[in-house]
Amino acid sequence: MRWIYKLPLRLRSLFRNQRVESELTDELRFHLEKLIEENIASGMSAEEARYAALREFGGIEQMKEECRDSWGVRIVSELGQDIQYGLRQLRRNPGFGAIAILTLALGIGANTAIFSVVNAVLLKPLPYADPGRLVSLVELNSQQGNAAAAFSYPNFTECRNQNTVFSQIAGTNAHDLTLTGAGEPTIVHTIVITPEIFTLLGARPMAGRIFLQTDGVRGAAPVVVLSENLWRSRFAAAPGILGKTINLDMRAFTVVGIMPADFRYPIRSEDEDVWIPAVQDPLFSTFMPDPLLRWVVTVARLRPGISISQAQSDMDAISARLARKYPKANTGFRIRVEPLQQAITGASKSALLILLAAVGLVLLIACVNVANLLLARATVRTQEIAVRMAMGAGRSRILRQLLTESALLGLFGGLAGILIAFWGVRSLKSLLPPGLPRAETIRVDDGVLLFALALSVAASLIFGLAPALAAARSSFRTNLEEGAARAGESGGRRRFRSLLVAAEFGLSVVLLVGAGLLIRSFTSMMNVNPGFNARHVVTAEISLPRYQYSTPAQWTAFSNESLERIQAQPGLRDSALAIPLPIATDSVNFAFIIPDRPALPGASRQAHYAAISPDYFRVMEVPLLRGRFFGRQDVPSASRVAIISQTFARRFFPHQDPIGQRLVFGFPPHDVVSRQIVGVVGDIRDVALSEAPGPMMYVPFAQAPFWGEIVVVRSSLDTAAVAASIRRVVSGIDRNLPVTDVVSLPQAMDSQASVAQPRFRALLLGLFGALALVLASVGIFGVMSYSVSRRTHEIGIRMALGATPAGVLQLLLAESARLVVAGLAVGIPAALLLTRFLSSMLYGVTPADPLTFIVVSLILIGMALLACYIPARRAARVDPMVALRYE
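What counts, and where the lines are drawn
- Residues numbered from 1 in each chain as written.
- Predicted model: local features only at pLDDT ≥ 70, side-chain atom pairs only at ≥ 80, totals over all residues.
- Heavy atoms only, no water.
- Helix = DSSP H or I, 4+ residues; strand = E, 2+ residues; numbered from the N terminus.
- Buried < 20%, exposed > 50% of the residue type's maximum accessible area, 1.4 Å probe, protein only.
- Contact = heavy atoms within 4.5 Å.
- Areas by Shrake-Rupley, 256 points an atom, 1.4 Å probe, with all protein chains shown as cover.
- Phe/Tyr/Trp six-rings, centres within 6.5 Å; stacked < 30°, edge-to-face > 60°.
- Axes fitted to C-alpha atoms, helices over the stretch in contact; angles between N-to-C directions.
- Parallel < 35°, antiparallel > 145°, perpendicular 65-115°, else oblique.
- Left-handed = near helix turned anticlockwise from the far one by under 90°.
- Nonpolar A, V, L, I, M, F, W, Y, C, P; charged D, E, K, R; others polar.
- Core = buried A, V, L, I, M, F, W, Y, C linked by side-chain atoms within 4.5 Å.
- Polar contact = N/O pair within 3.5 Å; in protein donor to acceptor, adjacent residues only side chain to side chain.
- Pairing = 2+ DSSP bridges.
- Expected span 1.5 Å × (residues − 1).
- Salt bridge = Lys/Arg side-chain N within 4 Å of Asp/Glu carboxyl O.
- Patch = residues over 30% accessible without salt bridge, like charges linked within 9 Å, V, L, I, M, F, W, Y side chains within 5 Å.
- pLDDT = per-residue confidence, 0-100.

### Structural notes on the overall build of the protein chain
- When its secondary structure is counted, the protein chain shows 28 helices and 23 strands.
- Buried positions account for 51% of the 887 residues belonging to the protein chain.
- When contacts within the protein chain are restricted to residue pairs at least 6 apart in sequence, those whose partners lie at least 24 apart make up 80%.
- Summing over all exposed atoms, the protein chain offers an accessible surface of approximately 40100 Å²; the carbon and sulfur share of this is 59%.

Quick look at the structure:
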């Protein structure tokens, strides 16, 4: 019977020799016969001589080149056969193919969508000429914690004129102006610039011209450059717009150019409607002479051959000169040079990379799942593989076939993933937090598609290599003897599959813990009491054209009349004015002086500021703790007064009554006045829900009027009804005034970056964690189902020998529990290590929060037991007689 064991070797040798012989020409056959004769002459048997000649013949390069088909042609031919065979396998097993492809598609699609964001925000070079030489310039103050600040205009001009390292320097800022005379009055987002900005960025207009140096000189005619979007939406793409005038804040500006829609100033994230020279702006032109007012956001272009370090040395020297020239304004300040792309993306980089790493874990879990499926499938195909090896297929040929099948799965998974990515990018754009730089460039472009292709190839190798190697290394002799039906898994392969499931659970722990921490952090932040009641409060913004309403007396008169009329409307009695609003708008911070009490060296005396009408605290439900609220008597001609917050009183007037004390603060230089403290109110969170209440200073709106106002209304009416009433009132006063940003206060707060960014991170990581949990549960379900199917005969023997269904169920559940415990043992330490990177994003929870770890562990254990209960219960109900006959 020993010849039976040698049969596979003889079959393989026979088929291999026949394949080699079939590829020879007549001339090569002559050479082959000569080799055989020489081998026989050396004492070999005929069969040995033929086999040795064929083996030797296959190693001669000259004879190989003379073969009918080249090696490359054969490889291509074999690859085509492998692809055809792999497609047939997928058609024969549609369920397996669908599950594997869908699993991969989810992982690849999610990764591609997140990579499209990372690519647009972090990786793509800035869309300007020679972007590597663009830098950002900011001023830092060591006495104020090195907070970045813009330049004052005197500092900007000194730096522009004195530096030796920059070819150009440009400055900018932004605010809203009122556009009239082009349909309904509207607010346009206005970029206030110095004339160098367009040439510095290498930007060209689509029509007309950009600004000239003469446009930035005081006394020059007012000119404006329109954006293509505004030109099309408000002026119907009129070809004769160049040379015409438009009214901005009731002043005529001549249109000299139109910028294409894809041009954006890099540091701004809002839509850009118009550009005007700084000297023509009704607001910032008044700030230009004052060295204390820092408003010029500055960019520069390095000269060729100049490095960042050289530029920094030059700026250090200029900082010292500025401190000597303007000591009051510049003492403690220094200029920092930073690559522009780094300055733009720095705040978003860590969060985006964490999201990319998280979605990478999802793909890794998906690959582990598919690898487990392929391992199970390879076990079922052992007889097929053994027969192919017996017929002459080498291990490398088998490996190539199995990797081709894996590559097909990766390819189809990648194609489906790209479709998911297109949908995912559209969904992501609606969820992106405000302020994310370059968000408008996020799309599935060629670079993203190349990433998806590379990801598909990498995934194919990750999930396909181990099963293919395991199958190619299997013993075809043993497999032929036992048959596919009875050939169970080897102990090594079973342990490897169990290791994969444990790794899957470990990765899931990391993702779920990260998601749990961010969700708990966001929940804690949203449950914070902000110090005011935002429910049923509607806000609306009214801007006054500076060229029409040019004096504080006009601002005060308008605010008094508008508020009186609004309060007279049905349902709008509880109305007030405020600038700015807490959390919903940018905060205003002022330095202040306490007379006769000099500040300690290095101590910062700064507080947040708001100008409010007398009913503001009542409308916002901020409690009075001491003293009085503002009243109708606090008019411009009356004594200047202020109200402070509880934190302000505790920090700067400890152990004494602040009522009657005086503070000196205000908009420099003209509105810095001495005010008497008349009240103390409760703390509010002015900047963000996640930031503890800081010191606040309030002044009467009538004593510190603005060229605009924000109306806050507490009403039972819906937002649309409130908006209609306010617009009707404002139109009755001045029909050229637009009412904008009418929204409920909770919505206004939710749209701010301080709320939107944590919500975005928690939502995405939560989705990734849920996907990981589902994949891990599917993985353990697949492992247990396959294990039960392979152990049916064993289970039948156990039950025939007296094992109860409950005992079988307990045995299989214990087996899955061991896998989960192993996964937790790996995942929990890994999560403790990796969640440290989330610490800066957490509020009210620590990276090692025990509750989160316990809940995640319980969820995973529960899902794992549920996933394995179904196959275990099915095994416990098997008929012993049927199981014993199972093949």
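### As for the packing of aromatic side chains
- Counted by the stated rule, this structure contains 22 aromatic pairs.
- Ring centres of Phe284 and Trp295 lie 4.9 Å apart, and the angle between their planes is 20°; on these two criteria the pair is classed as stacked. Here Phe284, found in helix 10 (residues 284–287), pairs with Trp295, found in strand 11 (residues 294–302); they are 11 residues apart in sequence, far enough to count as distant. Both residues of the pair, Phe284 and Trp295, count as buried.

### Focus: the packing of helix 7 (residues 153–162) against helix 11 (residues 308–325)
- Contact pair helix 7 / helix 11: the axes reach a minimum separation of 11 Å and the direction vectors enclose 135°. Accordingly, the angle class assigned to the pair helix 7 and helix 11 is oblique. Along this stretch, helix 7 crosses helix 11, giving a crossing that reads as right-handed. Listed contacts from helix 11 to Asn155, Glu158, Cys159 and Gln162 of helix 7 are Met315, Ile318, Arg321, Leu322 and Lys325.
- Taken together, the residues that form the contact of helix 7 with helix 11 break down as 4 nonpolar, 2 polar and 3 charged.

### Topic: the environment of Ile854
- Tracing the backbone through its elements, the reader meets Ile854 in helix 27 (residues 850–876).
- It is 10.0 Å that separates the C-alpha atoms of Ile854 and Ile828, two residues lying 26 residues apart in sequence.

### Observations regarding the side chain of Ser136
- Examined against the element boundaries, Ser136 turns out to sit in strand 1 (residues 134–141).
- Owing to a relative accessible area of 6%, Ser136 belongs among the buried residues under this scheme.

### Here we look at the nonpolar core
- In this structure, Tyr616, Leu663, Tyr698 and Phe768 are the most contacted members of the largest nonpolar core, which totals 135 residues.
- With residues near it in sequence (within four places) discarded, Phe768 still touches Ala110, Ile114, Leu355, Ala358, Val359, Val362 and Leu511.
- If you look at the next biggest cluster of nonpolar residues, it comprises 43 residues, including Phe151, Phe235, Ile258 and Met288.

### What about the side chain of Ser460?
- Its location among the elements puts Ser460 in helix 16 (residues 446–472).
- A distance of 2.8 Å separates a polar side-chain atom of Ser460 from the backbone oxygen of Ser456.

### Thoughts on the pairing of strand 22 (residues 708–714)
- The element strand 22 is largely enclosed, with a buried count of 7 among its 7 residues.
- Every second residue of strand 22 is oriented toward a common face, with Gly708, Ile710, Val712 and Arg714 on one face and Glu709, Val711 and Val713 on the other, all of them buried.
- One ladder, built from 7 bridges, connects strand 13 (residues 537–543) with strand 22; its direction is antiparallel. Bridge pairing in strand 22 links Ala540 to Val711.
- In this sheet, strand 22 lies alongside strand 14 (residues 575–579) in antiparallel orientation, the contact comprising 4 bridges. Following the sheet pairing, Ala576 is matched in strand 22 by Val712.

### Topic: helix 26 (residues 805–834)
- A rise of 1.5 Å per residue sets the reference length of helix 26, with its 30 residues, at 44 Å; its end C-alpha atoms lie 43 Å apart and thus fit the reference within 8%.
- Where helix 26 is concerned, the buried positions are Val808, Leu809, Leu812, Glu815, Ser816, Leu819, Val820, Gly823, Leu824, Gly827 and Ala831.

### A short note on the pattern of salt bridges
- Inspection of every chain in the model, using the stated rule, returns 16 salt bridges.
- Between Asp849 and Arg520 there is a salt bridge; the shortest N-O distance is 2.3 Å. You can see Asp849 sitting in the loop between helix 26 and helix 27 and its partner Arg520 sitting in helix 18 (residues 491–526), a full 329 residues away along the chain.
- The exposure class of Asp849 is buried, given its relative accessible area of 11%.
- Glu621 is the partner of Arg714 in a salt bridge, and the nearest nitrogen-oxygen pair spans 3.8 Å.

### Here's the deal with unusual backbone geometry
- Geometrically, the link from Ile579 to Pro580 is a cis peptide bond, its omega value of -10° lying close to zero.
- In this fold, Pro580 is placed in the loop between strand 14 and strand 15 (588–591).
- Within the chain, Asp249 stands out as a residue other than glycine whose phi angle is a positive 55°.
- Using a relative accessible area of 3% as the deciding quantity, one classes Asp249 as buried.
- One non-glycine residue, Asp741, lies in positive phi territory at about 50°.
- Residue placement: Asp741 occurs in strand 23 (residues 739–744).

### A look at a nonpolar patch on the surface
- A surface patch of nonpolar side chains, about 390 Å² in accessible area, is lined by Leu450, Leu453, Val457 and Leu461.
- Residue placement: Leu453 occurs in helix 16.
- We classify Leu453 as partly exposed; its relative accessible area is 48%.

### A look at helix 7
- The element helix 7 is largely enclosed, with a buried count of 7 among its 10 residues.
- Along helix 7, the residues classified as buried are Tyr153, Pro154, Asn155, Phe156, Thr157, Glu158 and Cys159.

### Concerning the packing of helix 19 (residues 552–567) against helix 22 (residues 719–733)
- For the pair helix 19 and helix 22, interaxial distance at closest approach is 10 Å and the crossing angle is 135°. Of the possible angle classes, the one that applies to helix 19 and helix 22 is oblique. Crossing of helix 19 over helix 22 shows right-handed handedness. Along its contact with helix 19, which presents Phe558, Glu561, Ser562, Arg565 and Ile566, the element helix 22 presents Ile726, Val729, Gly732 and Ile733.
- For the contact of helix 19 with helix 22, the per-class residue count stands at 5 nonpolar, 2 polar and 2 charged.

### Notes on the confidence of the model for the protein chain
- Looking at the protein chain as a whole, its pLDDT mean stands at 82, while 81% of the residues score no less than 70.
- Residue range residues 1–27 is modelled with pLDDT below 50. Its contacts to residues more than four positions away, or to other chains, number 39 contacts.
- Taken together, the stretch residues 478–488 has pLDDT below 50 and engages in 23 contacts with residues farther than four places along the chain or on a different chain.

### Things to note about the environment of Pro700
- Among the secondary structure elements, Pro700 is positioned in strand 21 (residues 696–700).
- By relative accessible area, Pro700 is classed as buried at 3%.
- When the C-alpha atoms of Pro700 and Ala642 are compared, they prove to be 7.3 Å apart, with 58 residues separating the residues in sequence.
- Setting aside chain neighbours within four positions, we find Pro700 in contact with Ile612, Phe630, Asp634, Val641 and Arg675.

### As for the environment of Val188
- With respect to the helices, strands and loops of the structure, Val188 is situated in strand 5 (residues 186–193).
- Separated by 42 residues in the primary sequence, Val188 and Leu230 have C-alpha atoms spaced 8.7 Å apart.
- The contact partners of Val188, leaving out residues within four places of it in the chain, are His175, Asp176, Leu177, Leu179, Leu230, Leu248, Asp273 and Val274.

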